[in-house]
Amino acid sequence: MNQEVRLPRNGKEGALYGAIICTLTVLFMTSLNIILAVGEFNQEVALAILKTLPIIWVIVMIIEPVVIGRIAEKLVAKFTQPTDSFNAQILFRILFTVLGMSFVMTFIGDIIGNGLSSETFNHFLANWPRNFLIVLIAESIVIQPFARFVMVKIHASQDKKKSSAAGITVHGLSEQNS
């Protein structure tokens, strides 16, 4: 069976893959949004980022696989064919996931940072296009390729262990038969 080495092969790898993507995205976007909201980076802002990161990370780790990821998968299936290239399918997946997550997290992030107010919708209109574009670029060029690189390395290590184990077994059998 020829499995794709750039993507997770099981639930454990899927959790790691998702955690890598979510962690890097949350770290980058939470930091960026807080710094832009405050207008500078200092010790107080760094502390605010550190306090906010775990909250945002937990929210993202729940929302992405439970809601947005499922919707993105359905949209990818609708807009691509099984014969489409890996890159085409991944780019559609990134587009739909980033579209949904940036939409939801722009609202949630503003509510966490500023509370729910009459300005929340105005902040959303000002911030969401920027957040969407920045995350789309970061996911496409850095974050997703890094997560796929990790999967390739994990699978190469697993394949090496399997071939070593198979070699030992074959070698051991051939010695016994001589």
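Treat the numbers as computed from the prediction; the structure is a model and nothing was measured.

1. Structural notes on the overall build of the protein chain
Scanning the protein chain from N- to C-terminus turns up four helices and zero strands. Counted from the first residue to the last, the protein chain has its helices and strands arranged as α-α-α-α. Since a compact globule built from 178 residues should have a radius of gyration of about 16 Å, the 21 Å found for the protein chain marks it as more spread out than a globular shape. Projected onto its principal axes, the C-alpha coordinates of the protein chain cover approximately 80 × 40 × 25 Å. Here the protein chain holds 178 residues, and 29% of them are scored as buried.

2. Topic: the packing of helix α1 (residues 11-38) against helix α2 (residues 43-79)
Closest axis-to-axis distance for the α1/α2 pair is 9 Å, and the angle between their directions is 140 degrees. It follows that α1 is oblique to α2 by the angle criterion. The handedness of the crossing between α1 and α2 is right-handed. Between α1 and α2, the contacting residues are Gly18, Ala19, Cys22, Thr23, Val26, Leu27, Thr30, Ser31, Ile34, Ile35 and Val38 on the first element and Val45, Ala48, Ile49, Thr52, Leu53, Ile56, Trp57, Val60 and Met61 on the second. Split by residue class, the contact of α1 with α2 holds 15 nonpolar, five polar and no charged.

3. Re the confidence of the model for the protein chain
For the protein chain, per-residue confidence averages 91 on the pLDDT scale, and 92% of positions sit at 70 or higher. Here helix α4 (residues 120-177) is the element of the protein chain with the lowest mean pLDDT, 86, and α2 is the one with the highest, 96. Confidence drops under a pLDDT of 50 for residues 174-178, and excluding neighbours within four residues, the segment shows zero contacts in the predicted structure.

4. Section: the packing of α2 against helix α3 (residues 86-114)
Here α2 crosses α3 at 145 degrees, and the two axes come no closer than 8 Å. Relative to α3, the crossing made by α2 is right-handed. Looking at the contact of α2 with α3, its residues break down into 17 nonpolar, five polar and three charged.

5. Things to note about the nonpolar core
Core analysis: the biggest nonpolar cluster contains 12 residues, these being Cys22, Val26, Ile34, Val45, Ile49, Leu53, Ile56, Val60, Ile63, Ile68, Met101 and Met105. Secondary structure elements with two or more residues in this core: α1, α2 and α3. With seven residues, the single largest contributor to this core is α2.

6. A look at the side chain of Ser31
Relative to the elements of secondary structure, Ser31 occurs in helix α1. Judged by its relative accessible area of 17%, Ser31 is buried. Those residues in contact with Ser31, other than ones at most four positions away along the chain, are Val26 and Ile49.

7. Section: the environment of Arg70
Tracing the sequence through the fold places Arg70 in helix α2. Here the alpha-carbon distance between Arg70 and Thr97, two residues 27 residues apart in the chain, equals 9.1 Å. The contact partners of Arg70, leaving out residues within four places of it in the chain, are Glu64 and Pro65.

8. Quick word on the side chain of Asn131
Locating Asn131 in the fold gives a position in helix α4. Its relative accessible area of 5% is what places Asn131 among the buried residues. Once residues lying within four places of it in the same chain are set aside, the contact partners of Asn131 are Met29, Asn33, Ser102 and Thr106.

9. Focus on α1
With 28 residues, α1 should cover 40 Å at 1.5 Å per step; its first-to-last C-alpha distance of 39 Å lies within 8% of that length. Among all positions in α1, only Glu13, Tyr17, Ala19, Ile20, Ile21, Cys22, Thr25, Val26, Met29, Thr30, Ser31 and Ile34 are buried. Capping the start of α1, Asn10 holds a side-chain oxygen 3.1 Å from the backbone nitrogen of Lys12, two or three residues further along. At the exit of α1 stands Gly39, carrying a positive phi of roughly 95 degrees.

Cut-offs used in this document
- The residue numbers shown here count from 1 along each chain, following its written sequence.
- Two thresholds apply to this predicted model, a pLDDT of at least 70 for residue-level local features and 80 or more for giving and counting side-chain atom pairs, whereas whole-chain, interface and lining totals are computed over all residues.
- Water and hydrogen atoms play no part in the side-chain values, which are based on all heavy atoms of the structure.
- Segments assigned H or I by DSSP are reported as helices when at least four residues long, segments assigned E as strands when at least two residues long, and all are numbered from the N terminus.
- Each radius of gyration reported is based on C-alpha atoms, and the globular scaling rule is 2.2 Å times the count of residues to the power 0.38.
- Exposure classes here rest on a 1.4 Å probe applied to the protein chains alone. A residue is buried below 20% of its type maximum, exposed above 50%, and partly exposed in between.
- Helix axes are fitted to C-alpha atoms over the stretch in contact, other axes to C-alpha atoms as well, and angles between N-to-C directions run from 0 to 180 degrees.
- Angle categories are assigned with fixed cut-offs, so that under 35 degrees is roughly parallel, over 145 is roughly antiparallel, 65 to 115 is roughly perpendicular, and the rest are oblique.
- Rotating anticlockwise by less than a right angle from the far helix to the near helix defines a left-handed crossing, while the corresponding clockwise rotation defines a right-handed one.
- Contact criterion: two residues are considered in contact whenever any of their non-hydrogen atoms come within 4.5 Å of each other.
- Residues are grouped as follows: Ala, Val, Leu, Ile, Met, Phe, Trp, Tyr, Cys and Pro are nonpolar; Asp, Glu, Lys and Arg are charged; every other residue, Gly included, is polar.
- Per-residue confidence from the prediction method is given by pLDDT, with values spanning 0 to 100.
- Take the buried Ala, Val, Leu, Ile, Met, Phe, Trp, Tyr and Cys residues and link them wherever side-chain atoms come within 4.5 Å; each set so joined is a nonpolar core.
- What a helix is expected to span follows from its residue count: subtract one and scale by 1.5 Å.
- Under the rule applied, a polar contact is a pair of N or O atoms within 3.5 Å (in protein, one hydrogen donor and one hydrogen acceptor; residues adjacent in sequence only if both atoms are side-chain atoms).

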